[in-house]
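A structural walkthrough
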Amino acid sequence: MISVDEALQHVSRCSQPIPSASIPIVAALGLRLAEAVVSSVDSPPFDKSMLDGFAVEASDRSPTRRVIEQVVAGEVPHHAVEPGNTIQVMTGAPLPEGADAVVKVEDVKHLDEVTLEMPSAGVASGTGILRRGAAFHRGQQLLAAEHRLTPVDIGLLAEIGQAKVCVAPRPRVAVLATGNELVEIGQPVGAGQIGNSNGPMLMALLESVHASSIDLGIGRDDPGELKRLISAGLEADMLIVTGGVSAGVLDLVPGVLQELGVEQIFHKIRMKPGKPLWFGQRERTLVFGLPGNPVSTLVSFEIFVKPALRALGGEDFSSPPPLRGELTGSVTHRGKRPTYHPCWIDFGRIDFEKCQQGLPSVELMRWSGSADLAALTRANALAVLPEGDYELAAGAEVNVVALHSGDFLLK
Ligand code: AMP
Ligand code: MG
């Protein structure tokens, strides 16, 4: 059995960035640019009117003007503006030749059908117009490589006519829950059966980190069925199988994985929960066999799968450093494996009398072990209780791993 740190080193070594790909901009929200975006156009692409009004030459002080044409957005003017005349333009229409300002429609007086009285104060050159390239110009870098795309960036890419963008793609992750006892959501739960918590939980966890998931549903503990489903899952960048990796007579997953050419990197880790975790690789596909109990699945996902996904997306493998907190009560620990105990870390309750340390309080949840998912709904973190037989008094410092710190693809 290897330690958590040794296991992390193996997973890190195997987690190589997925090659960048060119994808439609509408699918690229939150992804990191593989290369800089350089504009192929000027913005705006032509001198344009920013108002509904009348295009004029500012230096022409004629008190009245004759309207010789009307141009709406999407059209082009056919005449030039000359002293004594004007062209009516709508917002977004190209500025006619000879004009250098637009007087807004509210500021003119219509003397008859085609004659206007201009404001007596005149108009300054440049009023109501935006010159070609005023926002940015062709050849200008708009977004740097590594930049994570926001909704505004998607709009900008659309503005410059770029339909596709080269990004570090979202990892595709196939999820298979295994176990004869499992029942799909909404189906009646018979004697000896339980609902499939892991499948939907993993889909939600993957969504929370903006990975793309493929739901393979439930696989029975049958070698043929497992082989068929796992083969399909091995087409993804990562396959997560839950259940069937321990020492029971129907724990068939490691055997099937190996039969399908997945190289086992390690099996079993010195940690609690999560001990039976299986990890392997076939070509570029990473395979996690997570123990079936839902808390084991969650803890394994947080500690091992998340950093791997980060690395597949081209980021550093490393997880954020653990937080430090102070236990609100005493705890007795027994056993040769570190325990990841559900807890509540309360940053709002830093004890200011001890403000030199300023550590948040850590309350361990009442928890009945790896099948007790409900305790996790009251927790926001995992307190890491080191291996060994000991007691920690209230106030003792512990390391804490925050849970549900999703959104990393959108950071
Ligand atoms: P296994 O890892 O297959 O030995 O399963 C360990 C325990 O986790 C058993 O009590 C299973 O019934 C339970 N379990 C396995 N898969 C799931 C799942 N998808 N959802 C909820 N519990 C599960
Ligand atoms: Mg099982």
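The paragraphs below set out a description of the structure included in this document. Since we're looking at a predicted model, the values are computed, not measured. Each chain has its residues counted from 1, following the order in which its sequence is written. Numbering of ligands from 1 and lettering of chains from A proceed in the order in which they are written. Local features are withheld for residues below a pLDDT of 70 in this predicted model, meaning they are given only at 70 or higher, and side-chain atom pairs are given and counted only at 80 or more; totals for whole chains, interfaces and linings count all residues. With hydrogens and water excluded, all non-hydrogen atoms of the structure serve as input to the side-chain values.

The rule for a salt bridge is simple: a side-chain nitrogen of Lys or Arg has to be within 4 Å of a carboxyl oxygen of Asp or Glu. Across all of its chains, the model carries 10 salt bridges by this definition. Here Asp237 ties to Arg172 by a salt bridge, and the two come within 3.8 Å at their closest N and O atoms. Remark: Arg172 occurs in strand S13 (residues 172-178) and Asp237 occurs in the loop between helix H4 (223-233) and strand S17 (238-242); sequence separation between them is 65 residues. Think of it in three bands: residues with accessible area under 20% of the maximum for their type are buried, residues over 50% are exposed, and the middle band is partly exposed, with areas taken using a 1.4 Å probe on protein chains only. Owing to a relative accessible area of 35%, Arg172 belongs among the partly exposed residues under this scheme. Comment: elements are numbered from the N terminus, with helices defined as DSSP H or I runs of at least four residues and strands as E runs of at least two.

Mapped onto the elements of the fold, Gly219 is located in strand S16 (residues 212-219). Placed 39 residues apart in sequence, Gly219 and Asn180 show a C-alpha to C-alpha distance of 7.7 Å. Not counting chain neighbours up to four residues away, the residues in contact with Gly219 comprise Leu176, Ala177, Thr178, Gly179, Glu225, Leu226 and Leu229. Here a residue-residue contact requires only that any non-hydrogen atoms of the pair lie within 4.5 Å.

Turning our eyes to something else, we now look at the site of ligand 1. One heavy atom suffices: a residue is near a molecule or strand as soon as one of its heavy atoms comes within 4 Å of it. Near ligand 1 lie 18 residues; those nearest to it are Glu181, Asn196, Ser197, Gly244 and Gly292. Take Glu181: an N or O atom from its side chain is 2.5 Å from an oxygen atom of ligand 1. Asn198 is positioned with one of its side-chain polar atoms (N or O) 3.3 Å from a nitrogen atom of ligand 1. For the area figures, the Shrake-Rupley method with a 1.4 Å probe applies, and any residue is considered shielded solely by the protein chains shown. In isolation ligand 1 offers 480 Å² of accessible surface; the protein chains occlude 78% of this area. Pairing of N or O atoms within 3.5 Å defines a polar contact, subject to two protein rules: one partner must be a possible hydrogen donor and the other a possible acceptor, and residues neighboring in sequence count only if both atoms are side-chain atoms.

The criterion is simple. A nonpolar core is a set of buried Ala, Val, Leu, Ile, Met, Phe, Trp, Tyr and Cys residues joined through side-chain atoms within 4.5 Å. In terms of nonpolar packing, the biggest core is built from 45 residues, with Met238, Phe279, Phe288, Phe304 and Leu309 touching the most fellow members. Sort the elements by how many residues they give to this core and helix H6 (residues 294-312) lands first, with 11 residues. Apart from the residues within four sequence positions on either side, Phe279 is in contact with His10, Val11, Cys14, Glu263, Gln264, Ile265, Phe266, Leu286, Val287 and Phe288. If you look at the next biggest cluster of nonpolar residues, it comprises 18 residues, including Leu226, Ile230, Leu239 and Val253.

Bear in mind that shape data such as this cannot, by itself, settle questions of function.
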